[in-house]
Amino acid sequence: MFAWLKRRRREAIRRGPFPAAWRAIIEKNVPYAACLPPADREELAGHVQVFLAEKRFEGCGGMEITDEVRVTIAAQACILLLHRGSDCYPDLISILVYPSTYLAPGGRRTAGGFVAEDPEARLGESWARGVVVLVWDSVLAGAADIHDGHNVVLHEFAHQLDQESGTGDGAPILPKRSMYVAWARVLGAEFDQLVRDAEGNHRTLLDRYGATNPAEFFAVATEAFFEKPRQLRSTHRALYDQLQQFYRQDPAALHAGRH
């Protein structure tokens, strides 16, 4: 009964008018949306309406939450939901937004075996307990360049998808059970190769931060899939194919001018 009521409520939200001011914000701040075909742009608008109706935004460090902040973040996050028929980040409750780089407690093991909580400068993070943290200037910069392979919103919300399986381990809930074997084989091999390339200081298409662990690899690969799709398809075809099946999108074919 609850699922039925939620579905009905979301259908009503999607049928509501999409404010012209929101469209203008997306056109200005999220140029990737212009690469989408009209049907996908309308689907994206519906996801954005639901996202903004259900998720709470909180400003941190003096950050003021405006419609520009909310819509810019929601539009990027909802790109990951297109065609998938999935829930709207069911575990997510709040998005915390800082104006710029913030300090968060970090952990490192000392020579004596203890963990020292030294502060770390961060641009974003995703918590398994319903929170995503983002830095506004990085949100804008990541959205503005759709070819550089760096987008903090795509990265952190890929973590949210990963964490829906119960743990962030680089293995999100896949559309079919039969996909898990190939997913583990392909992403495992690609992760191991990135680790070797990072250790050898070799040039890589994927951000070397993805060599940190399988969860970070999935998030980094997601950034490349949407922002460097042609290069990824050309040099990491098996990885591209797995991500294409998961996201049910083919960004390499979106626009002839993209590269």
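Residues numbered from 1 in each chain as written. Predicted model: local features only at pLDDT ≥ 70, side-chain atom pairs only at ≥ 80, totals over all residues. Heavy atoms only, no water.

### Considering the overall build of the protein
Next up, step 1: In terms of regular secondary structure, the protein is built from 10 helices and 8 strands.
Next up, step 2: Here the protein has a C-alpha radius of gyration of 18 Å; the compact-globule value for 259 residues is 18 Å, and the two agree.
Next up, step 3: On the principal axes, the C-alpha backbone points of the protein span a range of 55 × 40 × 40 Å.
Next up, step 4: Put simply, the protein has 259 residues, and 47% of those count as buried. (Helix = DSSP H or I, 4+ residues; strand = E, 2+ residues; numbered from the N terminus. Rg over C-alpha atoms; globule rule 2.2 N^0.38 Å. Buried < 20%, exposed > 50% of the residue type's maximum accessible area, 1.4 Å probe, protein only.)

### Describing the environment of Leu232
Next up, step 1: Mapping Leu232 onto the fold places it in helix 9 (residues 229-235).
Next up, step 2: Sequence separation between Leu232 and His47 is 185 residues; the distance between their C-alpha atoms is 27 Å.
Next up, step 3: Leu232 has contacts with Leu205, Leu206, Ala221, Ala224, Phe225, Arg237, Leu239, Tyr240 and Leu243, leaving out every residue within four places of it along the chain. (Contact = heavy atoms within 4.5 Å.)

### Digging into the environment of Val139
Next up, step 1: Positionally, Val139 belongs in helix 5 (residues 136-144).
Next up, step 2: Remark: the alpha-carbon pair of Val139 and Ala21, spanning 118 residues in sequence, is separated by 19 Å.
Next up, step 3: With near-sequence residues (within four places) excluded, Val139 lies in contact with Thr72, Ile73, Gln76, Leu134, Val152 and Val153.

### Thoughts on empty space enclosed by the protein
Next up, step 1: In this structure the tally under the stated criterion is 1 cavity of 30 Å³ or more.
Next up, step 2: Of the voids in this model, the largest cavity is the one considered here, and its volume is about 80 Å³.
Next up, step 3: In this structure, the largest cavity is lined by Val30, Tyr32, Gln76, Ile79, Gly142, Ala143, Ile146, Asn151, Leu154, Phe226 and Glu227.
Next up, step 4: Elements with a contribution of two residues or more to the lining of the largest cavity: helix 4 (67-79), helix 5 and helix 8 (214-227). (1 Å grid on protein atoms, 1.4 Å probe; cavity = no way out; pocket = protein on both sides within 12 Å on 5 of 7 lines; lining within 4 Å. Points joined across faces, edges and corners; volume = space filled by probe spheres on them.)

### Regarding the layout of surface pockets
Next up, step 1: By volume, the largest pocket amounts to about 560 Å³.
Next up, step 2: Every residue lining the largest pocket is counted, 23 residues in all, and those nearest its centre are Gly124, Val152, His155, Glu156 and Tyr209.
Next up, step 3: With 5 residues, helix 6 (residues 152-163) is the single largest residue contributor to the lining of the largest pocket.
Next up, step 4: Residue composition of the lining of the largest pocket, by class: 6 nonpolar, 10 polar and 7 charged.
Next up, step 5: The computed volume of the second largest pocket comes to approximately 220 Å³.
Next up, step 6: Lining of the second largest pocket is provided by 13 residues; of these, Arg23, Ile26, Glu27, Ala33 and Arg41 occupy positions nearest its centre.
Next up, step 7: Elements that contribute at least two residues to the lining of the second largest pocket include exactly helix 2 (20-29) and helix 3 (38-54).
Next up, step 8: In terms of residues, the lining of the second largest pocket owes the most to one element, helix 3, which gives 5 residues.
Next up, step 9: Within the lining of the second largest pocket, the residues separate by chemical class into 9 nonpolar, no polar and 4 charged. (Nonpolar A, V, L, I, M, F, W, Y, C, P; charged D, E, K, R; others polar.)

### Describing the sheet that holds strand 2 (residues 94-98)
Next up, step 1: Taken together, 4 strands build an open sheet; the order of strands is 1-2-8-7 and the sheet is mixed. Among the strands making up the open sheet, the edge pair consists of strand 1 (56-59) and strand 7 (124-127). On average, each strand axis in the sheet is inclined to that of its neighbour by 15°, with strand direction left out of account.
Next up, step 2: Bridging between strand 1 and strand 2 involves 4 bridges; their strand directions are parallel. The partner of Arg56 across the bridge, within strand 2, is Ser94. (Pairing = 2+ DSSP bridges. Axes fitted to C-alpha atoms, helices over the stretch in contact; angles between N-to-C directions.)

### Focus on the packing of aromatic side chains
Given two aromatic rings, one states the distance between the centres and the angle between the planes to describe the pair.
Next up, step 1: Scanning the model with the defined rule gives 16 aromatic pairs in all.
Next up, step 2: Look at Tyr32 and Phe226: their rings are 6.1 Å apart centre to centre, the planes differ by 75°, and that puts the pair in the edge-to-face class. Residue Tyr32 is found in the loop between helix 2 and helix 3, and its partner Phe226 is found in helix 8; the two are separated by 194 residues along the sequence.
Next up, step 3: In this structure Tyr32 comes out as buried when scored by relative accessible area, which is 6%.
Next up, step 4: Of the residues examined, Phe226 reaches a relative accessible area of 1% and is grouped as buried.
Next up, step 5: An aromatic cluster is present here, built from Tyr32, Trp183, Phe218, Phe225, Phe226, Tyr240, Phe246 and Tyr247 joined pairwise through their rings.
Next up, step 6: One Lys or Arg, Arg84, reaches over the ring of Phe246 and ends 4.5 Å from the middle of that ring. (Phe/Tyr/Trp six-rings, centres within 6.5 Å; stacked < 30°, edge-to-face > 60°. Lys NZ or Arg CZ within 6 Å of the ring centre and 35° of its normal.)

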